[in-house]
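Residues per chain are reported as follows:
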Amino acid sequence: MSSVLTIRGGVPLTGRVTVRGAKNLVPKAMVAALLGSEPSVLRNVPEIKDVEVVTSLLQLHGVTVAKDPVTGDLTLDPQGAKTASSTAIDAHAGDSRIPILLCGPLIHAIGEAFIPDLGGCKIGDRPIDYHLNVLRQFGAVVEKRPGGIHISAPHGLHGAKISLPYPSVGATEQVLLSATRAEGITELIGAATEPEIIDLIAVLQKMGAIISVQTDRTIRIEGVKDLRGYNHRALPDRNESASWASAALVTRGDIFVEGASQRDMMTFLNTYRKVGGGMDIGDDGIRFYHQGGKLSPLVLETDVHPGFMTDWQQPLVVALTQAEGVSIVHETVYENRFGFTEALARMGANIQVHRECLGSVPCRFGQRNFLHSAVISGPTPLRGTDIDIPDLRGGFSHLIAALAATGTSKVTGIDIINRGYERFTEKLAGLGADFDITTTK
């Protein structure tokens, strides 16, 4: 079964939406519960596909996952952890890349792990080599088997000195989840330091881990023999918050995002204000709105934290199609993230993508023939068209473009948006969007 969203554009989005726990933290905090010797409680959990996938994977491995019917809080009890069949893991994992992060905790809990061939959003090369190399450095034995990879550690995991060639979020998470109960000290050089990483460290510290973060992107983990459970409220999803902010700007709307946090969005908020977006920042959320005047073009480069996050780029590019003048966006994190602009061009946007680095931020893609810079000339009226969603953030960008466009758009592949946006069609309806959903076989 697949769903088709028929959108009749041109209606400003106005109203209120609530943003809960971050997609880039909650599934990883759920995995961390495997490391404990007693139940953990995770609060502020969103109803998204990735949470469902991790719940299924944990249950396959003997973890009891109970959801509070009123609050949505999860209680995760790992005391019955066990081996699961490769077929069952493959069936439940789908296209999620979360199974790779189960490896370290599973090795500590039951001595082995299996990961199926991994999927994920089609926005660039996301190799699991970083993860496998990390596990090998801890002493794990990695074996390729039909349908996936078997990982074991006959002599246990041991601390290591690890240097990442790029501050990969996934590889940093792998080190944290593997090192906390490894014997000895682990030093991770070149670590990612995104807010979701710091929140994961907070979770592990509550469990009894000893982890210090230094100013030069070095993380030091002193392994401990046992960990207990945790009680933690997940930080809000800054990516979803930024997406709704861009939606308000693109549709000339006014949206209050309950739960949006200024502290973790300051780089985005500065950029939003430069473009011409309005905002009122409160303790319980942020109001984002179009101020009625012209939008300003800008030069923007994505980067690892504390730079402008790559997940913020795609929705904002839609807003830049309505800015007066020429904007330049240089993508330095994922090499193929501008694939979504093809649909925007069909809708009338004037966007040219280039292989050259149109910016000053150090970039890995300049000599590798990737289209990773974009020049956006505006403003250009957008008109409805048929769109097939390619990935999570690109898909949301297509939705808000269709909502701003004149005429009707038919959007397929919307199920992928459920991975990271909680009840997004309900939220769209609450904001006054004009659309219908049909389901086809």
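Residues numbered from 1 in each chain as written. Predicted model: local features only at pLDDT ≥ 70, side-chain atom pairs only at ≥ 80, totals over all residues. Heavy atoms only, no water.

### What about the sheet that holds strand E1 (residues 2-8)?
The strands making up a sheet associate through hydrogen bonds between their backbones, and the pairing can be parallel or antiparallel.
Then step 1. With respect to topology, 4 strands assemble into an open sheet ordered E21-E22-E1-E23, the strand pairing being mixed. Edge positions in the sheet fall to strand E21 (386-388) and strand E23 (435-440), since each has one partner strand and no second. In this sheet, adjacent strand axes meet at a mean angle of 20 degrees when their direction is disregarded.
Then step 2. Sheet contacts for helix H12 (residues 392-404): E1, E21 and strand E22 (408-412); angle to E1, the most-contacted strand, approximately 35 degrees. (Pairing = 2+ DSSP bridges. Helix = DSSP H or I, 4+ residues; strand = E, 2+ residues; numbered from the N terminus. Axes fitted to C-alpha atoms, helices over the stretch in contact; angles between N-to-C directions. Contact = heavy atoms within 4.5 Å.)

### Points about the packing of aromatic side chains
Then step 1. For the coordinates displayed, the defined rule picks out 8 aromatic pairs.
Then step 2. Each ring, one from Tyr272 and one from Phe288, has its centre 5.3 Å from the other, and the planes form 80 degrees; the classification is edge-to-face. Of this pair, Tyr272 sits in helix H9 (residues 266-275) while Phe288 sits in strand E16 (residues 285-290), and the two are 16 residues apart along the sequence. You'll find Tyr272 and Phe288 in the same group, each marked buried.
Then step 3. Relative to Trp312, the ring of Phe308 lies with its centre 5.3 Å away and its plane at 80 degrees, an arrangement referred to as edge-to-face.
Then step 4. Three or more aromatic residues joined by ring pairs make a cluster, and in this case those are Phe268, Tyr272, Phe288, Phe308 and Trp312.
Then step 5. Across the ring face of Tyr289, the terminal group of Arg287 is positioned such that the distance to the ring centre comes to 4.0 Å.
Then step 6. Directly above the aromatic system of Tyr166 lies the positively charged group of Arg364, at a separation of 3.6 Å from the ring centroid. (Phe/Tyr/Trp six-rings, centres within 6.5 Å; stacked < 30°, edge-to-face > 60°. Buried < 20%, exposed > 50% of the residue type's maximum accessible area, 1.4 Å probe, protein only. Lys NZ or Arg CZ within 6 Å of the ring centre and 35° of its normal.)

### Comments concerning H12
Then step 1. Over its 13 residues, H12 runs 19 Å from end to end, which matches the ideal 18 Å to within 8%, given 1.5 Å per residue.
Then step 2. Counting buried positions along H12 gives 12 out of 13 residues, so the element sits mostly inside the fold.
Then step 3. For H12, the full list of buried residues reads Leu392, Arg393, Gly394, Gly395, Phe396, Ser397, His398, Leu399, Ile400, Ala401, Ala402 and Leu403.
Then step 4. The N-capping residue of H12, defined by a side-chain oxygen 2.8 Å from the backbone nitrogen of Gly394, is Asp391. (Expected span 1.5 Å × (residues − 1). Polar contact = N/O pair within 3.5 Å; in protein donor to acceptor, adjacent residues only side chain to side chain.)

### As for the sheet that holds strand E2 (residues 14-18)
Then step 1. Taken in spatial order, the 4 strands make up an open sheet running E2-E14-E16-E15, and their pairing is mixed. Each edge of the open sheet carries a strand with a single partner, namely E2 and strand E15 (277-281). Across the sheet, the mean angle separating the axes of adjacent strands is 20 degrees when strand polarity is ignored.
Then step 2. As paired strands, strand E14 (residues 254-258) and E16 are joined by 5 bridges and run antiparallel to one another. Bridge pairing in E16 places Ile255 opposite Phe288.
Then step 3. In the packing of helix H8 (residues 238-250) onto the sheet, the strands contacted are E2, E14, E15 and E16, and the crossing angle to E16 comes to about 25 degrees.
Then step 4. Together, E15 and E16 form the strand contacts of H9, whose direction differs from that of E15 by roughly 135 degrees.

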